[in-house]
Amino acid sequence: MKRPLIAPSLLAADFGRLADEIADLEAIGADWLHCDVMDGVFVPNISFGLPVVEAIRRYARLPLDVHLMIQRPEAYLEPFAQAGADIITFHWEATSHPDRLVQEIHRLGKRAGIAINPATPVELLADILAVVDIVCVMSVNPGFGGQRLIPYVAKKVQRLAVLRAQVGSSALIEVDGGITPETAPLVKGADIIVAGHSLLRASDRKAVVGALRASFESLA
Ligand code: DX5
Ligand code: ZN
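To start, this report covers the structure provided alongside it. (Residues numbered from 1 in each chain as written. Chains lettered and ligands numbered in written order. Predicted model: local features only at pLDDT ≥ 70, side-chain atom pairs only at ≥ 80, totals over all residues. Heavy atoms only, no water.)

**Looking at the nonpolar core**
- Core analysis: the largest hydrophobic core is formed by 64 residues, its most contacted members being Ile56, Val66 and Leu199.
- With sequence-adjacent residues up to four places away left out, Val66 is seen in contact with Cys35, Val37, Val53, Phe80, Ala85, Ile87, Ile88 and Thr89.
- Of all hydrophobic cores here, the second largest spans six residues; its members include Ile87, Ile134, Ile192 and Val194. (Core = buried A, V, L, I, M, F, W, Y, C linked by side-chain atoms within 4.5 Å. Buried < 20%, exposed > 50% of the residue type's maximum accessible area, 1.4 Å probe, protein only. Contact = heavy atoms within 4.5 Å.)

**Some points on the coordination of the zinc ion (ligand 2)**
- Taken together, His34 (NE2), Asp36 (OD), His67 (ND1) and Asp176 (OD) make up the protein donors of the zinc ion (ligand 2), found 2.0 to 2.3 Å from the metal.
- What the six donor atoms of the zinc ion (ligand 2) show is an angle range of 70 to 171° at the metal, which sorts the shape as octahedral.
- On the primary sequence, the residues serving as donors to the zinc ion (ligand 2) are separated as H-x1-D-x30-H-x108-D. Linking Asp36 in strand β2 (residues 33-38) with His67 in strand β3 (residues 64-69), this pair joins segments that are 31 residues apart in sequence.
- By relative accessible area, Asp36 is classed as buried at 4%.
- Its relative accessible area of 1% is what places His67 among the buried residues. (Donors = N, O, S within 2.8 Å, 3.2 Å for Na, K, Ca; no water. Tetrahedral: all angles 85-135°; square planar, octahedral: opposite > 155°, others 65-115°. Helix = DSSP H or I, 4+ residues; strand = E, 2+ residues; numbered from the N terminus.)

**Observations regarding the layout of surface pockets**
- A volume near 320 Å³ is recorded for the largest pocket.
- If you go around the largest pocket, you meet 29 residues; those closest to its centre are Gly145, Gly146, Gln147, Gly177 and Gly178.
- A breakdown of the residues in the lining of the largest pocket according to their chemical character gives 12 nonpolar, 14 polar and three charged. (1 Å grid on protein atoms, 1.4 Å probe; cavity = no way out; pocket = protein on both sides within 12 Å on 5 of 7 lines; lining within 4 Å. Points joined across faces, edges and corners; volume = space filled by probe spheres on them. Nonpolar A, V, L, I, M, F, W, Y, C, P; charged D, E, K, R; others polar.)

**Here's the deal with helix α1 (residues 18-27)**
- Here α1 has its buried residues at Leu18, Glu21, Ile22, Leu25 and Glu26. Looking straight down α1, one finds its buried side chains confined to an arc of 130°; they lie on one side.
- Taken together, the buried residues of α1 touch β1 (5-8), β2, α2 (50-59), α6 (197-200) and α7 (205-214).
- Taken from the residues just after α1, Gly29 is the one with a positive phi, measuring 95°. (Arc of directions from axis to C-beta.)

**Comments concerning the site of ligand 1**
- Contacts to ligand 1 come from 20 residues, most closely from Asp36, Gly143, Gly146, Asp176 and Gly196.
- Contact distances for ligand 1 include 2.8 Å between an oxygen atom and a backbone N or O atom of Gly146.
- With respect to the detected pockets, ligand 1 is housed in the largest pocket.
- Elements with a minimum of two residues in the shell around ligand 1: β2, β3 and β8 (192-195).
- The biggest single contributor to the shell around ligand 1 is β2, with three residues.
- Counted by class, the shell around ligand 1 contains eight nonpolar, 10 polar and two charged residues. (Near = heavy atom within 4 Å. Polar contact = N/O pair within 3.5 Å; in protein donor to acceptor, adjacent residues only side chain to side chain. Sits in = over half its atoms within 2 Å of the grid points.)

See below:
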């Protein structure tokens, strides 16, 4: 089983020391930096927006994986592209026109991701899998870090991997929320693991990155 990419969620970082936090995550071998943008409307919490993503871009070398948990994502694709996002992920539930948004993100020269809430079935993505680069399967209800993984999401990740093969898509599967070295085996088959609290709040972050990477290895 292929090792997953690790995308630490900066939502769990010490925002007063963000440049140091970025340098530390890059030094311990993170693959992408996951930036959780929340508007207090699509989700019941407000996190950070464009100026913070711009600041992260100034200090980071790794790809920025920007997860937009916002209403009207179409209005903010270009600003986040200009702020330095490499991957722009919007929520399926926040738009009636996901194909149009994927096209727009590609026009901006970025990789396009679609995130789905826990209760949204992966089967809805059967057609758009042909053009989307990343599917982010939420394993918690979006809005807060540090929540527990919702167990039924494990089956969704498996079904999405089967669907992807059936339609011949090369989209990457990302899983976001409540991932720890203990819960990661539940979502085997994912290509990208987002980890907030379990990684950034750990006393030995490097050990957690290693444990997450290794978490699929003992599984058939
Ligand atoms: C949840 C966010 C997640 C979150 C993950 O709304 O999209 O990316 O920061 O954090 P943990 O790993 O703490 O659940
Ligand atoms: Zn996220």
